[in-house]
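Observations on the model geometry
Residue-level listing of the chains:
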Amino acid sequence: MISSGYLTIPRDTLISRIHTIQERSSLCILCPRHCRALRSDGEYGFCRTGIQPHVASFGPHFGEEQPISGTGGSGTIFFTGCTMGCMFCQNYEISHEQMGSEITKQDLANIYLHLQALGCHNINLVTPTHQLPAILKALLIAVDAGLQIPLVYNTGGYEEPDTLRLLEGIIDIYMPDFKFADERTGSILAHTPDYPQICKAALSEMHRQVGDLTLENGIATHGLLIRHLLLPGRSEESEKIIRFIADQISPNTWLNIMDQYRPAGHIRRTCPDDFSDLLRRVSPEEVARTIRIAQEYGLIRGLE
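What counts and how
Residues numbered from 1 in each chain as written. Predicted model: local features only at pLDDT ≥ 70, side-chain atom pairs only at ≥ 80, totals over all residues. Heavy atoms only, no water. Helix = DSSP H or I, 4+ residues; strand = E, 2+ residues; numbered from the N terminus. Buried < 20%, exposed > 50% of the residue type's maximum accessible area, 1.4 Å probe, protein only. Contact = heavy atoms within 4.5 Å. Areas by Shrake-Rupley, 256 points an atom, 1.4 Å probe, with all protein chains shown as cover. Lys, Arg positive; Asp, Glu negative; His and termini not counted. Charge placed at Lys NZ, Arg CZ, Asp CG, Glu CD. Expected span 1.5 Å × (residues − 1). 1 Å grid on protein atoms, 1.4 Å probe; cavity = no way out; pocket = protein on both sides within 12 Å on 5 of 7 lines; lining within 4 Å. Points joined across faces, edges and corners; volume = space filled by probe spheres on them. Arc of directions from axis to C-beta. Disulfide = S-S within 2.5 Å. Pairing = 2+ DSSP bridges. Right-handed = clockwise from strand over helix to strand, strands pointing away. Polar contact = N/O pair within 3.5 Å; in protein donor to acceptor, adjacent residues only side chain to side chain. Core = buried A, V, L, I, M, F, W, Y, C linked by side-chain atoms within 4.5 Å.

Turning our eyes to something else, we now look at the overall build of the protein chain. Each helix and strand counted, the protein chain has 11 helices and 9 strands in total. Projected onto its principal axes, the C-alpha positions of the protein chain cover 50 × 45 × 30 Å. Residue burial in the protein chain is summarised as follows: out of 304 residues, 59% are buried. Taking the intrachain contacts of the protein chain between residues at least 6 apart in sequence as the baseline, contacts between residues at least 24 apart amount to 72%. A total of about 12200 Å² of accessible surface is found on the protein chain, and carbon and sulfur atoms cover 50% of it. Positive and negative side-chain charges in the protein chain, numbering 26 and 35 respectively, have mean positions lying 3 Å apart.

Structure representation (structure tokens):
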């Protein structure tokens, strides 16, 4: 069984980091929105989530990238709510409509341990940022009960670097998406006009912490894996994203170019006229072109 870096952090250091993250959650500055919601007093911010763990579903996931899912599956936990507002979200019911239930931190720790007992290779935290205090307090409980598998931080890429710095040594594998290269796209599609610069800073911090993805017997143990969900009609943005990753992160980056976009969420009801391409799926030609561009920039890991 692959062990996590969080086991090597001194206990008092881990507790101090968790305390600081708790402080950042009220007035909340966990994510780049800095909405300053007083969450400890029951006030909700953009994420519409309180201070208790709020989980939509969990279980072994075999549909992630091969180094993440492996043979035993990725122990995936879908957390309710999100710091972004993507109108095309593929998990719209979870991120926008608050599907899921509040549980206790002990319950969440038990989920970690259950997924490990099932033979999962890692604990895959999906959209975790706004729930970090509860996630990390549950981690302390679970470590005392024998948790040791790596943590995967599965995010849309809209992350506050100051929050990420507090996760150094705790998170083993960062798995962000890089969604938009243009400010207007982020503003209209996800209510994140500053997305490009925020995501670039976040990815740089993630790579500083964990470096390129490393594998042991084909299973990811540590490092950065970047996803890019192709959006129909946005090929120029995809090329900008690829260029940044190759030039500013690492040409050895494991990149997954994802072609599963579909017009989900409320994109059909509110799609602006100049984004009408988003009412269709990505074409095979767009996929092939983007993969070819990535390979030309030397990004071949994940695309072989």
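What follows is about helix α8 (residues 195–210). Taking 1.5 Å per residue as the helical rise, α8 with its 16 residues ought to reach 22 Å, and the 22 Å between its terminal C-alpha atoms agrees with that figure. Here α8 has its buried residues at Y195, P196, I198, C199, A202, L203, E205, M206, H207, Q209 and V210. The secondary structure elements touched by the buried residues of α8 are β5 (151–155), α6 (161–165), β6 (173–176), α7 (183–190), β8 (219–229) and α9 (235–249). After α8 finishes, the residue G211 shows a positive phi value of roughly 70 degrees.

The volume enclosed by the largest pocket comes to roughly 800 Å³. Every residue lining the largest pocket is counted, 37 residues in all, and those nearest its centre are N91, V126, N154, K179 and R227. Looking at the lining of the largest pocket, the elements with two or more residues in it are β2 (74–79), α3 (92–95), β5, β8 and β9 (254–258).

All right, on to helix α4 (residues 105–117) then. Spanning 13 residues, α4 covers 18 Å between terminal C-alpha atoms, matching the ideal 18 Å at 1.5 Å per step. Taken as a whole, α4 has its buried residues at L108, A109, I111, Y112, L115 and Q116. Down the axis, α4 shows its buried residues gathered within 150 degrees of arc, on one side only. Where α4 is buried, its residues contact β1 (54–61), β2, β4 (123–126) and α5 (132–144). Of the residues flanking the end of α4, it is G119, one or two places downstream, whose phi is positive at about 95 degrees.

Now for the state of the cysteines. Between two cysteines, a covalent bond joining their sulfur atoms is known as a disulfide. All chains considered together, the criterion is met by 0 disulfides. With no disulfide of its own, C47 has C28 as its nearest cysteine by sulfur position, at a separation of 6.3 Å. Its relative accessible area of 9% is what places C47 among the buried residues. Distance from the sulfur of C89, which forms no disulfide, to the nearest cysteine sulfur (C86) is 6.2 Å.

Counting buried residues in β9 gives 5 out of 5 residues, a clear majority hidden from the surface. What you see with β9 is no split at all: W254, N256 and M258 on one side and L255 and I257 on the other are buried throughout. Of the strand pairs in this sheet, β8 and β9 are connected by 5 bridges, and their pairing is parallel. Bridged to R227 within β9 is N256. Of the crossover connections in this fold, the one passing from β8 over α9 to the parallel β9 is right-handed.

Moving on: the side chain of E65. Relative to the elements of secondary structure, E65 occurs in the loop between β1 and α2 (66–69). By relative accessible area, which is 7% here, E65 ends up buried. Within polar-contact distance, the side chain of E65 engages the side chain of N256 at 2.6 Å.

I77, F88, L108 and Y112 are the most contacted members of the largest nonpolar core, which has 81 residues in total. Aside from chain neighbours lying at most four places away, what touches Y112 is I77, I123, L125, I135, A138, L139, A142 and L147. Residues V152, M175, L213 and W254 belong to the second largest nonpolar core, which totals 8 residues.

Turning to empty space enclosed by the protein, a few remarks are in order. Taken as a whole, this structure holds 4 cavities of 30 Å³ or more when the rule is applied. Volume-wise, the largest cavity comes out at about 100 Å³. As for the largest cavity, its lining consists of C28, I29, L30, C31, R33, H34, C35, R39, F46, C47, T83 and H130.

Interpretation note: all reported values are geometric properties and have no functional meaning in isolation.
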